[in-house]
Amino acid sequence: MGVLRSLAFNTAFYVGTALRMIVQSPYYFSASRKNAYRVVVQGWGRFVNRQMRFWVGTTFEIEGLENLPDGPCIIAPKHQSAWDTIMLLPWVPDSVFMLKSELIQMPLFGWYLKKQRQIAVDRAASGRAMADAIKRTKAEVETGRQLIIFPEGTRRPPGAEPDYKRGIQLIYSGLAVPVVPVVMHPGLFWPRGNFRRQKGHFKVRVLPAIAPGKPPKAFFAELVETMERESDRLLVETVAENPHLDLPAVTQERVAALTSGGS
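As the structure is a prediction and not an experimental result, all values here were calculated from the model.

### A short note on the packing of aromatic side chains
Here is step 1 of the chain: Scanning the entire structure with this criterion turns up 15 aromatic pairs.
Here is step 2 of the chain: With a centroid separation of 5.5 Å and an interplanar angle of 75 degrees, the aromatic rings of Trp 83 and Phe 202 are classed as edge-to-face. Residue Trp 83 is found in the loop between strand 2 (73-77) and strand 3 (95-100), and its partner Phe 202 is found in strand 7 (residues 200-206); the two are separated by 119 residues along the sequence.
Here is step 3 of the chain: Residue class for Trp 83 comes out buried when judged on its relative accessible area of 0%.
Here is step 4 of the chain: A residue is classified by how much of its surface remains accessible, and Phe 202, at 1% relative accessible area, is buried.
Here is step 5 of the chain: The interplanar angle of 20 degrees and the centroid separation of 5.1 Å between the aromatic rings of Phe 189 and Phe 202 together place this pair among those described as stacked. Taken together, the positions of Phe 189 in the loop between strand 6 (179-183) and strand 7 and Phe 202 in strand 7 put the pair 13 residues apart, joining distant regions of the chain. Pair check on accessibility: Phe 189 and Phe 202 agree, each one buried.

### Structural notes on the pattern of salt bridges
Here is step 1 of the chain: As enumerated under the stated definition, the model contains 19 salt bridges in all.
Here is step 2 of the chain: The partner of Arg 145 in a salt bridge is Asp 94, and the shortest N-O contact between them spans 3.4 Å. Here Arg 145 is found in the loop between helix 5 (127-141) and strand 5 (146-148), whereas its partner Asp 94 is found in the loop between strand 2 and strand 3, with 51 residues between them in sequence. Residue Arg 145 shares its accessibility class with Asp 94, and that shared class is buried.
Here is step 3 of the chain: The salt bridge partner of Glu 225 is Arg 229, with a shortest N-O separation of 2.7 Å. Taken together, the positions of Glu 225 and Arg 229, both in helix 7 (residues 216-241) and four residues apart, correspond to about one turn of that helix.
Here is step 4 of the chain: The class of Glu 225 is partly exposed, set by a relative accessible area of 43%.

### Concerning the sheet that holds strand 7
Here is step 1 of the chain: One open sheet holds the seven strands; their spatial order is 1-7-6-2-5-3-4, and the pairing between them is mixed. In this open sheet, the two edge strands, each paired with only one partner strand, are strand 1 (58-63) and strand 4 (119-121). Across the sheet, the mean angle separating the axes of adjacent strands is 20 degrees when strand polarity is ignored.
Here is step 2 of the chain: Judged from the three bridges that link them, strand 2 and strand 5 form a sheet pairing that is parallel. Along strand 5, the bridge assignment pairs Ile 74 with Leu 147.

### Quick look at the environment of Gly 200
Here is step 1 of the chain: Here Gly 200 shows up in strand 7.
Here is step 2 of the chain: Note: C-alpha distance between Gly 200 and Leu 188 (12 residues apart in sequence) is 9.3 Å.
Here is step 3 of the chain: Leave out the neighbours within four places in its chain, and Gly 200 touches Gly 57, Thr 58, Thr 59, Phe 189, Asn 242 and His 244.

### Here's the deal with the nonpolar core
Here is step 1 of the chain: Counting 46 residues, the largest nonpolar core has Val 48, Trp 83, Met 87, Leu 88 and Val 204 as its most contacted members.
Here is step 2 of the chain: With nine residues, helix 2 (residues 33-56) is the single largest residue contributor to this core.
Here is step 3 of the chain: Apart from the residues lying within four places of it in its own chain, the contact partners of Leu 88 are Ile 62, Val 182, Met 184 and Val 204.
Here is step 4 of the chain: In this structure, Ala 133, Val 177, Ile 210 and Phe 220 belong to the second largest nonpolar core, which totals 26 residues.

What counts as what
- Residues numbered from 1 in each chain as written.
- Predicted model: local features only at pLDDT ≥ 70, side-chain atom pairs only at ≥ 80, totals over all residues.
- Heavy atoms only, no water.
- Phe/Tyr/Trp six-rings, centres within 6.5 Å; stacked < 30°, edge-to-face > 60°.
- Helix = DSSP H or I, 4+ residues; strand = E, 2+ residues; numbered from the N terminus.
- Buried < 20%, exposed > 50% of the residue type's maximum accessible area, 1.4 Å probe, protein only.
- Salt bridge = Lys/Arg side-chain N within 4 Å of Asp/Glu carboxyl O.
- Pairing = 2+ DSSP bridges.
- Axes fitted to C-alpha atoms, helices over the stretch in contact; angles between N-to-C directions.
- Contact = heavy atoms within 4.5 Å.
- Core = buried A, V, L, I, M, F, W, Y, C linked by side-chain atoms within 4.5 Å.

Here it is, written out as structure tokens:
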């Protein structure tokens, strides 16, 4: 049954997304950027969340939405799943992402990204190229947008050893806006590189913002410490509330260490 549900969801997700992009293209590319975001982009986020609930039986709730400003800020979530880039869209008024340049080059999907003025970054970029990306990001955030950036850069399994990149430290210094850490474990339900989706319920925890203006190294240390502490706490809760989950070995080991008094 789980395989059939996963197949149904994956079909609905990929086919549904492609059809929505084709059908909505006339409106999307003729509307203003903000209206296109509100109707099409946020609508896509709601669509994906509904498909996970209907086909797989996966639901979630968001705690701490009051910590999410309407105005300019940096949203810094844990990154485990493709779902991370989608699920929060309905609650973020006007998001902008820093993303790998290959995505911008894709037919149609890349055109959608360009319409929203997403910031493409070459992962092998020089310091000058990164400085230019931060400059362009600052210009977008100064219009009131919310930058979503994953501090670890790439998706990692729930409970894996953290690997935070110093890039967010540079961005924090350059943008001078609050940073809102977000912890969640959708990777237990929509794992990276795995066809199978798992049913269950989890929480997305939006933590209090870190104020701008701190020394960069102090900010980075606070961000990592806060996110890892709260991520560990939420991981134990999520696994306890979903005892049916098929957990990867790294998650089992981390939960065992946390519940036995380890660190």
